[in-house]
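Here's the letter readout for the chains.
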Amino acid sequence: MNYKDALSASGNKGVTRNYPHMPGIDVVGVIVTSNSAKFKVDEKVIVTSYDLGMNTNGGFAEYIKVPADWAVQLPENLSMKEAMIIGTAGLTAGMSVYRLSEMVKPADGTIVVSGASGGVGSLSIAILKKLGYQVAAITGKESETDYLKRLGADSIIARKDFEELDKKPLLKPSFAGAIDTVGGVILENIIKSVLPMGVITCCGNVASPKLDLTVFPFILRGIALIGIDSQNYPMSYREQVWNKLAKEWKTDAFAATCNEVTLNELNEKIKLMLEGKLKGRTVVKIQ
Ligand SMILES: NC(=O)c1ccc[n+]([C@@H]2O[C@H](COP(=O)([O-])OP(=O)(O)OC[C@H]3O[C@@H](n4cnc5c(N)ncnc54)[C@H](OP(=O)(O)O)[C@@H]3O)[C@@H](O)[C@H]2O)c1
């Protein structure tokens with residue numbers, strides 16, 4: 001289950017135009033019928049992104065029908081449940097870490113992750129830790145300190161410390177890089193706090209889609225802001241990230257983020273997700 005599912009399930013027309021509709025942007029399953037040369041019956045596949053669960057019926061169901069181009073073979077070394085713990089959130093975390101790690105190395109300093117207890121945030125922390133980075137987690141949930149430390153966070157920052165608008169164009173440089181999942185003032189403050197040549201990835205707008213910045217962090221510190229769009233990333237790139245998630249980036253910490261629910265329990269989880277109160281990954285078991 002993802003934030004987009006919660007938006008679709010609550011009638012958000014920016015995600016789903018026509019109802020009735022079946023949400024669920026992440027699916028893993030076994031092929032029962034195929035008219036594509038690429039996939040055979042009984043093969044296990046993952047389907048995420050593109051239009052699944054948005055204006056095409058999605059994964060909160062026993063069967064789905066999708067274009068073959070949307071499917072990725074389930075990598076060896078990954079169970080179906082592990083694939084769904086990862087899901088779009090993990091793929092987005094993987095893409096964010098992939099882009100960041102091209103330019104920022106563990107020796108460069110601490111990476112800060114916002115929305116830390118959410119799906120993208122928690123999986124980003126686990127992958128960064130696995131790769132040897134020092135990680136600082138920004139969270140609004142003080143109660144999740146132990147959980148975030150178990151995932152791999154070396155330090156915890158209270159979200160309120162980053163929510164205050166600071167008019168200064170630059171703040172004390174503190175982080176070598178960042179994975180931001182929330183946008184708004186928190187992202188503004190992160191951008192102003194990144195060390196020279198640092199890299200920030202940006203994938204979400206839970207706090208706000210707006211940014212009010214000057215060019216100074218970019219032209220005085222040479223930092224880079226990289227947008228992550230998991231929905232439209234090319235298939236070859238997507239397969240590479242799935243394979244890394246199944247092999248060298250795989251960590252036991254992923255399992256610690258998992259909450260398994262039935263279809264009957266989804267309404268309650270959707271409400272919590274919309275309120276920003278859900279932690280980690282919610283995997284739906286279809287019975
Ligand atoms: N671009 C892409 O390809 C892509 C792909 C997947 C997701 N996304 C987007 O990325 C964002 C995160 O997704 P997710 O699946 O991780 O969502 P999620 O599981 O709902 O987590 C979001 C986290 O953000 C924090 N948060 C909640 N309300 C907030 C607020 N008002 N201000 C600041 N922080 C708040 C909370 O963490 P704390 O309490 O720990 O602070 C929450 O757990 C969403 O906007 C989603 O749409 C984008």
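Residues numbered from 1 in each chain as written. Predicted model: local features only at pLDDT ≥ 70, side-chain atom pairs only at ≥ 80, totals over all residues. Heavy atoms only, no water.

### Structural notes on unusual backbone geometry
Alright, step 1. Here the residue pair Tyr19 and Pro20 is connected by a cis peptide bond, since its omega of 5° sits within 30 degrees of zero.
Alright, step 2. As for its placement among the helices and strands, Pro20 is situated in the loop between helix 1 (3–9) and strand 1 (26–30).
Alright, step 3. In this structure, Ser49 takes a positive phi of about 70° despite not being glycine.
Alright, step 4. Relative to the assigned elements, Ser49 resides in the loop between strand 2 (44–48) and strand 3 (71–73).
Alright, step 5. The class for Ser49 is buried, based on a relative accessible area of 6%.
Alright, step 6. Phi angles above zero are rare outside glycine, and Asn77 is one such case at about 85°.
Alright, step 7. Among the structural elements, Asn77 can be located in the loop between strand 3 and helix 2 (80–103). (Helix = DSSP H or I, 4+ residues; strand = E, 2+ residues; numbered from the N terminus. Buried < 20%, exposed > 50% of the residue type's maximum accessible area, 1.4 Å probe, protein only.)

### With respect to the sheet that holds strand 2
Alright, step 1. Ordered by their spatial adjacency, 3 strands build an open sheet running 1-2-3, and the pairing between neighbours is antiparallel. Edge positions in the sheet fall to strand 1 and strand 3, since each of these pairs with one other strand and no more. Across the sheet, the mean angle from the axis of one strand to that of its neighbour is 30°, orientation sign disregarded.
Alright, step 2. The pairing of strand 2 with strand 3 spans 3 bridges and is antiparallel. The residue of strand 3 that forms the bridge with Ile46 is Val72.
Alright, step 3. Running at roughly 40° to strand 3, helix 8 (residues 235–246) makes contact with strand 2 and strand 3 of the sheet. (Pairing = 2+ DSSP bridges. Axes fitted to C-alpha atoms, helices over the stretch in contact; angles between N-to-C directions. Contact = heavy atoms within 4.5 Å.)

### Regarding the pairing of strand 6 (residues 155–158)
For a regular strand, side-chain orientation follows a simple rule: the groups alternate between the two sheet faces.
Alright, step 1. Pairing of strand 5 (residues 135–139) with strand 6 involves 4 bridges; the strand directions are parallel. Among the inter-strand pairings, Ala136 is bridged to a residue of strand 6, identified as Ser155.

### Quick look at the site of the ligand
Alright, step 1. Taken together, the neighbourhood of the ligand is formed by 28 residues, with Ser117, Val120, Thr139, Ile228 and Ser230 sitting nearest.
Alright, step 2. Here an oxygen atom of the ligand sits 3.0 Å away from a polar atom, N or O, in the side chain of Arg159.
Alright, step 3. Summarising the interface, the protein chains cover 87% of the accessible area of the ligand, which totals 920 Å² for the free molecule.
Alright, step 4. Within the residue set of the shell around the ligand, elements represented by two or more residues are helix 2, helix 3 (119–130) and strand 5. (Near = heavy atom within 4 Å. Polar contact = N/O pair within 3.5 Å; in protein donor to acceptor, adjacent residues only side chain to side chain. Areas by Shrake-Rupley, 256 points an atom, 1.4 Å probe, with all protein chains shown as cover.)

### Examining the packing of aromatic side chains
Alright, step 1. Tallying each qualifying case throughout the model produces 4 aromatic pairs.
Alright, step 2. Relative to Tyr237, the ring of Tyr98 has its centre 5.0 Å away and its plane inclined at 75°; by these criteria the two rings are edge-to-face. On the criterion of sequence distance, the pair formed by Tyr98 in helix 2 and Tyr237 in helix 8 is long-range, its members being 139 residues apart.
Alright, step 3. Note on Phe162 and Phe175: the rings are 6.3 Å apart at their centroids and 45° apart in plane angle, and the pair reads as tilted. (Phe/Tyr/Trp six-rings, centres within 6.5 Å; stacked < 30°, edge-to-face > 60°.)

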